[in-house]
Amino acid sequence: MNKIMQTVNVKISDYQITKAPNRLKTTGLGSCVGIVIFEPGAQVAGMAHVMLPSSELSGDMTFNLAKYADTALPAMVTELVQHFGIQHNRLKAKIAGGAQMFQFTGKSEALRVGPRNITAVKDILQTLSIPVLAEDVGGQNGRTIEFDIENSNLMIRTIHKGMTTI
Amino acid sequence: MITPEQLTEYHKDILKEIGNIGAGNAATALSELMQKSIDMALPTVKLVPFHEVVQMIGGEETVMAATFFRVTGDAPGNMFLIFTLDEAITILRELTGDPEVDEESILSSEMTRSALQETGNILAGSYLSSFSDFTGLNLSPSVPFLTIDMVGAVLSFGLMEMSQVSDYAIIIDTQLKNGSSEQSGVDSHFLFLPDPDSFQKIFQTLGVPLNE
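In this text, all values refer to a predicted model and were calculated from it rather than measured experimentally.

**Q** Before we move on, could you go through the sheet that holds strand β5 (residues 44-50) of chain A and cite the residues and values that matter?
**A** Pairing between the strands of a sheet comes from backbone hydrogen bonds, and it takes one of two forms, parallel or antiparallel. All names here are of chain A. Pairing is mixed in the open sheet, where 5 strands are placed in the order β2-β5-β4-β6-β7. A single partner strand is all that each edge strand has here, and the edge strands are β2 (14-19) and β7 (132-137). Looking at each pair of strands side by side, their axes are set apart by 10 degrees on average, direction ignored. Where strand β4 (residues 33-38) lies against β5, 6 bridges are found, and the strand directions are antiparallel. Paired with Gly34 across the two strands is His49, which belongs to β5. Taken strand by strand, helix α1 (residues 69-84) contacts β2, β4 and β5, and its axis lies near 165 degrees from that of β5. The strands touched by helix α2 (residues 113-127) are β4, β5, β6 (92-97) and β7; relative to β4, the strand with the most contacts, the crossing angle is about 20 degrees.

Pasting the structure below:
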């Protein structure tokens, strides 16, 4: 019997884990970064849509783990390992986003968040010993990404540039 | 600091009034610029979770022409003037007198770019100067930054300041519309997103208690 494919939408400041044949999708990535963590061939994957590099920026004591790169990625990896039986050392990542939407020359650090997000995501993946197999980051345009778990393809739609697959 | 979740209806009414005055001036400026009547919908003040902000304006992937300003001064924040592509084209054709303006040329032509940026500039300037008159706070817009992109990508960028303290944004949204007799044209969003610390500043200067 054929399984029904569903697209699981990942909102801003959110992560989702699902199994094939489902796909993971997040829309309108600007300076935010989309991270897919998966084990090739294991038919399960997680996708996060993080807004900010570090939870140290949080003024709050309680916060949404999925908003920050440094808390979203470890949480997603723990869930993949503990609930889906994936071996940590087999995990791989693909990343997209982190655009600089406006060519801003002012002082506000918050407005340079795209490049800072990319750096943070890469650092954290390195700390977690998860290799980045492919990336489409930076630039000045928004992206929508969709991950096909069955073949580990990450499709990226960029305004003014069309579709690419990494 | 007062976070968006802590704002009462009373606080929101005050923000609405600020939006009202600012947008009234902005609408007048736009009608003068376009030499036609521009109506202003009553401003709304919304407390919305981030993922709903983008839906407010038409869905994450909708491509729109957005002019962004960083507001600096006593109560800093982010400001957007957002047009659908059709609206942007209508406005640009009228402003430049060039009927050939299309989607492609908005970003590629220096002339249309600056016409759109200048429109934003005039609106933001008049909005902020009435805001300043009303509150006594000193505020000025940066130079305008223009992009045509997915509205989700554009707006989430404007939420960065707020995202450091909250999962909600306070958005003062004003729609500008063509005068009722006219068919096509302007239906834009003019958004002001004060930084988290700015709310306290605004209420303090108006003598409004923070904990009602």
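**Q** I'd like to hear about the interface of chain B and chain A, residue by residue, with values.
**A** Taken together, the contacts link 31 residues of chain B with 34 residues of chain A. Between chain B and chain A, roughly 2600 Å² of surface is buried when both sides are summed, and carbon and sulfur atoms account for 66% of that area. For chain B, the biggest contributors to the area lost against chain A are Phe157(B), Met160(B) and Gln164(B); these three give 25% of the whole. Our enumeration of links across chain B and chain A arrives at 2 salt bridges. The partner of Arg157(A) in a salt bridge is Glu61(B), with the nearest N and O atoms 2.9 Å apart.

**Q** Kindly report on the packing of α1(A) against α2(A), identifying the contributing residues and their values.
**A** Between two packed helices, the angle of one axis relative to the other and the distance separating the axes together describe the packing. Residues and elements named next belong to chain A. In contact at an axis separation of 9 Å, α1 and α2 are set at 35 degrees when each is read in the N-to-C sense. By crossing handedness, the relation of α1 to α2 is classed as right-handed. Mapping the contact onto sequence places Ala69, Asp70, Leu73 and Pro74 in α1 and Ala120, Val121, Ile124 and Leu125 in α2. Looking at the contact of α1 with α2 residue by residue, the class counts come to 7 nonpolar, no polar and 1 charged.

**Q** Now, about the pairing of strand β3 (residues 23-29) of chain A: what can you tell me, with residues and values included?
**A** All names here are of chain A. Summarising burial for β3: 5 of the 7 residues are buried, a large majority. The pairing of strand β1 (residues 7-9) with β3 spans 3 bridges and is parallel. Among the inter-strand pairings, Thr7 is bridged to a residue of β3, identified as Arg23.

**Q** Requested: an account of the sheet that holds β3(A), with residues and values cited.
**A** All names here are of chain A. If you trace the 5 strands from one edge of the open sheet to the other, you get β1-β3-β8-β9-β10, paired in mixed fashion. In this open sheet, the two strands that pair with only one neighbour each are β1 and β10 (162-165). Strand-to-strand twist across the sheet, computed as the mean angle between neighbouring axes with direction ignored, equals 20 degrees. Relative to strand β9 (residues 153-158), strand β8 (residues 143-148) runs antiparallel, the two being bridged by 6 bridges.

**Q** Explain the pattern of salt bridges residue by residue, including any values.
**A** Residue and element names in this part refer to chain B. Per the stated rule, a full pass over the model turns up 11 salt bridges over all chains. The salt bridge partner of Asp13 is Lys16, with a shortest N-O separation of 3.8 Å. Remark: Lys16 and Asp13 occur in helix α1 (residues 9-34); sequence separation between them is 3 residues, near one turn of the helix. As a salt-bridge pair, Asp195 and Arg70 come within 2.6 Å of each other at their nearest N and O atoms. Placement of the pair is Asp195 in the loop between β8 (187-194) and α8 (196-205) and Arg70 in strand β3 (residues 63-73), with a sequence separation of 125 residues. For Arg70, a relative accessible area of 8% puts it in the buried group.

Calculation criteria
Numbering of residues starts from 1 in each chain and follows the order in which that chain's sequence is written. Working convention: letters from A go to chains and numbers from 1 go to ligands, in the order in which they are written. Confidence filtering applies because this is a predicted model: local features only for residues at pLDDT of at least 70, side-chain atom pairs given and counted only at 80 or more, and all residues used for totals across whole chains, interfaces and linings. Remark: hydrogens and water are excluded; side-chain values derive from all non-hydrogen atoms of the structure. By this definition, two strands are paired if DSSP reports at least two bridges between them. A run of H or I in DSSP counts as a helix once it spans at least four residues, and a run of E counts as a strand once it spans at least two, with each numbered from the N terminus. The angle between two axes is taken between their N-to-C directions and runs from 0 to 180 degrees, where each axis is a line fitted to C-alpha atoms and a helix contributes only its stretch in contact. Note on contacts: a residue pair qualifies if any of its non-hydrogen atoms lie within 4.5 Å across the two residues. The buried area of a pairing is the accessible area, by a 1.4 Å probe, that goes missing from both parts when the two are put together, added over both. Just to be clear on terms, a salt bridge is a Lys or Arg side-chain nitrogen sitting within 4 Å of an Asp or Glu carboxyl oxygen. By the definition used in this description, the sense in which the near helix is turned from the far one sets the handedness, with an anticlockwise turn below a right angle giving left-handed and a clockwise turn giving right-handed. Three categories are distinguished: nonpolar for Ala, Val, Leu, Ile, Met, Phe, Trp, Tyr, Cys and Pro, charged for Asp, Glu, Lys and Arg, and polar for the others, with Gly belonging to the last. Three labels apply to residues, based on accessible area from a 1.4 Å probe with only protein chains included: buried if under 20% of the type maximum, exposed if over 50%, partly exposed otherwise in between.

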